[in-house]
Amino acid sequence: MNSGLLLEHRSAVHTRVTGCYSPFHHDRNHTMTTTVGVIGLGNMGGGMAATLARHDFPVFGFDLSQAARDKAAAAGVTPVSSLAELLDTIDIVILSLPKAEHVEQLCLGKEGTQEENQDTTRLLTLGKPGLIVIDTTTSTPETSRKVAAALATRGIDFIDAPVSGGPKGAASGSMSMVIGAEEEVLARAMPVLEAMSGSRVHVGGCGAGNVAKIANNMLAACHLISTAEAVSMAARAGVSPEKLLEGVNAGSGRSGASQVMFPSWVINKAYDSGFTMGLMRKDVGLASDLTAALGLALPLSSTVAKLWDESSATLDDSEDFCAIVQRTDPTLFGHGE
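Residues numbered from 1 in each chain as written. Predicted model: local features only at pLDDT ≥ 70, side-chain atom pairs only at ≥ 80, totals over all residues. Heavy atoms only, no water.

Novice: How should I be thinking about the packing of aromatic side chains in this particular structure?
Specialist: Two aromatic rings, taken as a pair, are described by how far apart their centres are and by the angle between their planes. The full count for this structure, using the stated rule, is 2 aromatic pairs. Seen from their ring centres, Phe262 and Phe333 are 5.8 Å apart, and the 80 degrees between their planes marks the pair as edge-to-face. With a gap of 71 residues between them, Phe262 in helix H11 (residues 256-266) and Phe333 in helix H14 (residues 330-333) connect regions that are remote in the sequence. Each member of the pair, Phe262 together with Phe333, is buried. For the ring pair Phe275 and Phe321, a centre distance of 5.1 Å and an interplane angle of 85 degrees mean the geometry is edge-to-face. Separated by 46 residues along the polypeptide, Phe275 in the loop between H11 and helix H12 (277-293) and Phe321 in the loop between helix H13 (299-310) and H14 bring together distant segments of the chain. (Phe/Tyr/Trp six-rings, centres within 6.5 Å; stacked < 30°, edge-to-face > 60°. Helix = DSSP H or I, 4+ residues; strand = E, 2+ residues; numbered from the N terminus. Buried < 20%, exposed > 50% of the residue type's maximum accessible area, 1.4 Å probe, protein only.)

Written as C-alpha cells, this is what we have:
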C-alpha cells in the first residue's frame, strides 16, 4: 500500500521520450512480451497488478498476506510465495509498499547485512542484471538514490514513480505519476507505465519523483484545511457549502480539495477515499523532514504540519484523511452522531 491522492480534475501530461530503443513491444496479437512482478498487493498494488493483467501483461504478484494473493489471483495475477520465485521470472518489478524503510529493507536487506550472498531475501541479491525496479511508494529522495546506487552495482535499474489516484485510480489505470529516472531507463519501462497510469510527468533524475510527490501531498494537506475554513466561513455567512464550492471552482481559489475531495468525500460525509489519516500524516512528516534538511523556514507549511500532527488526539490513523476537516468545524463536517 502506498499513498495516492485522487485528483481527477487535471489535464494529463504525458512524458515524451524519443530516440531510445525499447525492447518491450506488442506482437501481432497485441500481447505484451514484458513479464511484470508486483510486490505489495494491497489497495494500491493489487489494483495496479489487476490493471496490468487486464492489459494482457503476464503479471506475477507477491505479498505476505495470503488473502491479498488470493484476491490478486482472482483478477488474473499469478501469485507466488517468495521473492526469489517472483524475481526469477520477470523483466520489471513494481514496488507498492507503505514507507521508505520498507523499500530499503526489501531492496538492500536488514541493516548490517553487507555480504550480498548472505541475504537471500533481498532484491539486491536475487535480482538479475537488466531488471527494472519501479517504486511507486511515496518514499524519500535519499532512499531512492541510495537504493538506486546499490542496485546499479548489479546492473539493475531503478525508477521512483510515486502515484496519485488512490485505489480507484490504481484499479482503473487512471493514476498520475511523477517520475524520477534516467531517460533511457524510462523509455524501456514506458509501455508498463502507460498501461497502469493515466498521466506521467518526468520531473528529473532518480529521487526527483519523490521530491515532487512530497510537495504535492504537502499542498493537498494545506488545501484540505484551508478549504474547510473557507467553507465554514461561508456557511456561517449564509452561503451553502455546495454553492460556495461551485463558485470557488469557477474561480482562482479552486484546488484538488475543492474540486474532488469535498464533493466526493466531505460534503456527503462519506469519508471513504481509501487514503488514511496515518498515511497523510506520514507524508506531511516527509515534507517537514525535507524542509528541515534543506534548512528552510516555511511558516505556513510548518503550521499545517502541526495541525496534522495534533489531529491524532481525536482522529485515529485508520480514519479517512479527509476527516481532518472535522477539526475545523465538527458541526458542519461531522458525522452527526
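Novice: Whenever I open this one, the side chain of Asp160 confuses me. Can you help?
Specialist: When you line up the elements, Asp160 lands in strand E6 (residues 157-160). Although Asp160 lies buried, it forms no salt bridge, and the closest oppositely charged side chain, Arg145, sits 7.1 Å away as judged by the N-O distance. One polar contact links the side chain of Asp160 to the main-chain amide nitrogen of Gly207, over a distance of 2.8 Å. Dropping the residues within four chain positions of it, Asp160 is found in contact with Asp135, Ser144, Val178, Ile179, Gly180, Gly205, Cys206, Gly207, Ala208, Gly209 and Asn210. (Lys, Arg positive; Asp, Glu negative; His and termini not counted. Salt bridge = Lys/Arg side-chain N within 4 Å of Asp/Glu carboxyl O. Polar contact = N/O pair within 3.5 Å; in protein donor to acceptor, adjacent residues only side chain to side chain. Contact = heavy atoms within 4.5 Å.)

Novice: Just checking my understanding: could you explain a nonpolar patch on the surface for this structure?
Specialist: Residues Leu294, Leu296 and Leu298 make up a contiguous nonpolar surface patch of roughly 270 Å² in combined accessible area. Mapped onto the elements of the fold, Leu298 is located in the loop between H12 and H13. The partly exposed category is assigned to Leu298, whose relative accessible area is 33%. (Patch = residues over 30% accessible without salt bridge, like charges linked within 9 Å, V, L, I, M, F, W, Y side chains within 5 Å. Areas by Shrake-Rupley, 256 points an atom, 1.4 Å probe, with all protein chains shown as cover.)

Novice: What am I meant to see in the nonpolar core here?
Specialist: Note that soluble globular proteins tend to have their nonpolar side chains buried in a common cluster. With 37 residues, the main nonpolar core has Leu224, Phe262, Trp308, Phe321 and Val325 as its most contacted residues. Listed by contribution, the elements that provide at least two residues to this core are helix H9 (208-236), helix H10 (241-249), H11, H12 and H13. The element best represented in this core is H9, accounting for 10 residues. (Core = buried A, V, L, I, M, F, W, Y, C linked by side-chain atoms within 4.5 Å.)

Novice: Teacher, can you tell me more about the layout of surface pockets here?
Specialist: If you roll a probe as big as a water molecule over the atoms, it shows you where there is empty space left. The space that makes up the second largest pocket amounts to roughly 280 Å³. Looking at the second largest pocket, it is lined by 17 residues, and the ones nearest its centre are Met218, Ala287, Thr291, Leu298 and Ser301. Contributions of two or more residues to the lining of the second largest pocket are made by H9, H12 and H13. The residue inventory of the lining of the second largest pocket, partitioned by class, reads 13 nonpolar, 4 polar and no charged. (1 Å grid on protein atoms, 1.4 Å probe; cavity = no way out; pocket = protein on both sides within 12 Å on 5 of 7 lines; lining within 4 Å. Points joined across faces, edges and corners; volume = space filled by probe spheres on them. Nonpolar A, V, L, I, M, F, W, Y, C, P; charged D, E, K, R; others polar.)

Novice: Can you walk me through the pattern of salt bridges in this structure?
Specialist: Within this structure, the stated rule accounts for 9 salt bridges. Between Lys146 and Glu104 there is a salt bridge; the shortest N-O distance is 2.5 Å. With a gap of 42 residues between them, Lys146 in helix H6 (residues 141-152) and Glu104 in helix H4 (residues 100-108) connect regions that are remote in the sequence. A relative accessible area of 24% places Glu104 in the partly exposed class. A salt bridge links Glu246 to Lys243; its shortest N-O distance comes to 3.5 Å. Of the two residues, Glu246 and Lys243 are both situated in helix H10; the distance of 3 residues between them amounts to about one turn of the helix. Salt bridges here are not isolated pairs; linked through shared partners, they connect Asp157, Glu184 and Arg188.

Novice: Would you take a moment to explain the environment of Gly165 for this structure?
Specialist: Within the secondary structure, Gly165 sits in the loop between strand E7 (163-164) and helix H7 (166-172). The sequence separation of Gly165 and Ser273 amounts to 108 residues, and the corresponding C-alpha distance is 9.8 Å.

Novice: Mind showing me how you'd approach the packing of H9 against H10 here?
Specialist: The axes of two packed helices give the description: the angle between them and the distance between them. Direction vectors running N to C along H9 and H10 enclose 125 degrees, while the axes themselves pass 9 Å from each other. Viewed along their axes, H9 and H10 adopt a mutual orientation that is oblique. The interaxial crossing formed by H9 with H10 has right-handed handedness. On H10, the residues that touch Thr227, Ala230, Val231 and Ala234 of H9 are Pro241, Leu244 and Leu245. Across the contact of H9 with H10, the residue classes break down as 6 nonpolar, 1 polar and no charged. (Axes fitted to C-alpha atoms, helices over the stretch in contact; angles between N-to-C directions. Parallel < 35°, antiparallel > 145°, perpendicular 65-115°, else oblique. Left-handed = near helix turned anticlockwise from the far one by under 90°.)

Novice: Help me understand H12 in this model?
Specialist: In an α-helix, one turn spans 3.6 residues; hence positions three or four apart end up facing the same way. Taking 1.5 Å of rise per residue, the 17 residues of H12 would be expected to cover 24 Å, and the 24 Å separating its terminal C-alpha atoms lies within 8% of that figure. Counting buried positions along H12 gives 12 out of 17 residues, so the element sits mostly inside the fold. Turning to H12, its buried residues number three or more, namely Met277, Gly278, Leu279, Met280, Arg281, Lys282, Asp283, Val284, Leu286, Ala287, Leu290 and Thr291. On its buried face, H12 is in contact with H6, H9 and H13. In the segment just after H12, Gly295 is the residue with positive phi, at about 70 degrees. (Expected span 1.5 Å × (residues − 1).)

Novice: Would you explain helix H2 (residues 66-74) in this entry?
Specialist: Within H2 the residues assigned to the buried category are Ala68, Arg69 and Ala72. Here the buried residues of H2 occupy an arc of 100 degrees about the axis, which is enough to place them on one side. For H2, the exposed residues set more than 90 degrees away from the buried face come down to Ala67, Lys71 and Ala74. Structurally, H2 contributes buried residues whose contacts are with strand E3 (78-79). Sitting at the amino-terminal end of H2 is Ser65, which places a side-chain oxygen 3.3 Å from the backbone nitrogen of Ala67. Among the residues trailing H2, Gly76 stands out with phi positive, at a value near 95 degrees. (Arc of directions from axis to C-beta.)

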